[in-house]
Amino acid sequence: MTGIAPDTKFSSVDGIEVNRVPDGAMVYQNERERVHFLNPTALIVFELCGLNKTAGEIEAFIADAFGLDVAPTEAVKECLTSLLDEGLVICAPSSAAP
Amino acid sequence: MRPIVCRTLRREYRLHPPSDEVASLLRFVEAAPELPALPLEVLDIPVRFRDGFLVATMPSGELVEGTPNHLVSAMHRIVLVDLIEGERHTPFIHGATVMIGSRRILLVGHKGSGKSTLALHLSLAGHDVEGDEHLVIRESEVVARPRTLRIKEGSLRLVPGLPEHIWEAPSINNWDGSVIRSISPTIGGRPWVIRPGNLDAVVLLVANHGGRSVARPITGKDAFGRLMTEVLLPQGGVAIAAGRLRRIAMEVPAYQLLLGDLATAEWHLSSIASQLT
């Protein structure tokens, strides 16, 4: 993963509202006053970030959950990058910044 | 003198004007649909003359003083606040709600898309128009906000077969000098009734003035994106409100209607309603 090391840990951000919908979740950021839609896979990644999982652990979880033969390295990285860019998650303090 | 009745989804405001002349000016805010499923609290608003202006004593005790137009603006503010306070954590979609047969169809469009003009045409064609401003998206049902059709006189002239008495509908002068009429959905001879219930279809209007009306289905994802531009989200519980909107977009059939001639638009809406299972 370029930019995001496999041992990078993530955590959730305060002031985020999450509401599940049949095809994912609506997420609202109070601070930025923005509404986001997360599809089911992005929601899993988002929730794993909230559990302080590392990028590698998230990738392994997604691969296992979807029965993938090839690790979804790029897809997970892209998702994590989007979540970071949008300020929905942050790198955990003990983790190296991307 | 009969009061001017302005209903919200939980209250009935009754303005008591001091003269017939003032009544005719304030009647622009009148909205008196039947709301069978909704018990209403009645609140009186006495209006009197003072030094050439009007003074209205609002239910909160606040005095609103000024011209009739100022009082009309104050009433608009009060009923909107009433709606928001009575429906917390609830999104409101800007649109007209029309019953085509037994199907509730929401017409959504930007300002100038022809939404109100189409609603008027549908009313005159014998369909039941429930509201022309907001649809309240509750957890398991929707309900139209009671409000009359507000149509500029220039647009009115585009609707064929207007009854003569439409020109007697209450009006105000807009900031640009144009006249806006407040037209009750009873104009077509049908009672104005608002009931909470299911939403059966969403129709997103795109202006095609002077052209022919054309409809096509669109995806829920596309509908959601467009609805997000026409929604009033609450101050709190935004994710919940947005979630309700998402459910509507993904579960309710959605269409785009290029709105040109009104007769063809009505045909498309009837066709959509008849195809709904």
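### Some points on the domain arrangement of chain B
All names here are of chain B.
- According to the domain assignment, chain B consists of domain 1 (4-86) and domain 2 (92-275).
- The C-alpha-based centres of domain 1 and domain 2 are spaced at 25 Å.
- Facing 16 residues of domain 1, the contacting portion of domain 2 comprises 16 residues.
- Sorting elements by how many residues they give to the side of domain 1 that touches domain 2 places helix α2 (residues 68-86) first, with three residues.
- Across the side of domain 1 that touches domain 2, the residue classes tally to nine nonpolar, three polar and four charged.

### Notes on the sheet that holds strand β5 (residues 63-66) of chain B
Residue and element names in this part refer to chain B.
- The strand order across the open sheet formed by five strands is β1-β2-β3-β4-β5, and the pairing between neighbours is mixed. Each edge of the sheet is formed by a strand with only one pairing partner; in this case those strands are β1 (4-7) and β5. Adjacent strand axes in the sheet meet at a mean angle of 20 degrees, parallel and antiparallel pairs treated alike.
- In terms of strand pairing, strand β3 (residues 41-50) meets strand β4 (residues 53-57) through four bridges, oriented antiparallel. By the bridge assignment for β4, Phe49 is matched with Leu54.
- Seen against the sheet, α2 touches β1, β2 (11-16), β4 and β5 and runs at an angle of roughly 150 degrees to β5.

About the criteria used
Positions within a chain are numbered from 1, following the residues in the order the chain's sequence is written. A letter from A marks each chain and a number from 1 marks each ligand, given out in the order of writing. Restriction of local features to residues with pLDDT of at least 70 applies here, the model being predicted, together with a cutoff of 80 or more for giving and counting side-chain atom pairs; totals for whole chains, interfaces and linings are based on all residues. In this document the domain limits rely on a domain assignment from an automatic tool or a database. Each residue is represented by a C-beta atom placed from its backbone, and any two residues with such atoms within 7 Å are regarded as in contact. Each helix is a run of H or I in the DSSP string that is no shorter than four residues. Each strand is a run of E no shorter than two, and both are numbered from the N terminus. Polar here means any residue other than Ala, Val, Leu, Ile, Met, Phe, Trp, Tyr, Cys and Pro, which are nonpolar, and Asp, Glu, Lys and Arg, which are charged; Gly is therefore polar. The pairing criterion for strands is at least two bridges between them, as found by DSSP. Fitted lines through C-alpha atoms give the axes, limited to the stretch in contact for helices. The angle between two N-to-C directions lies from 0 to 180 degrees.

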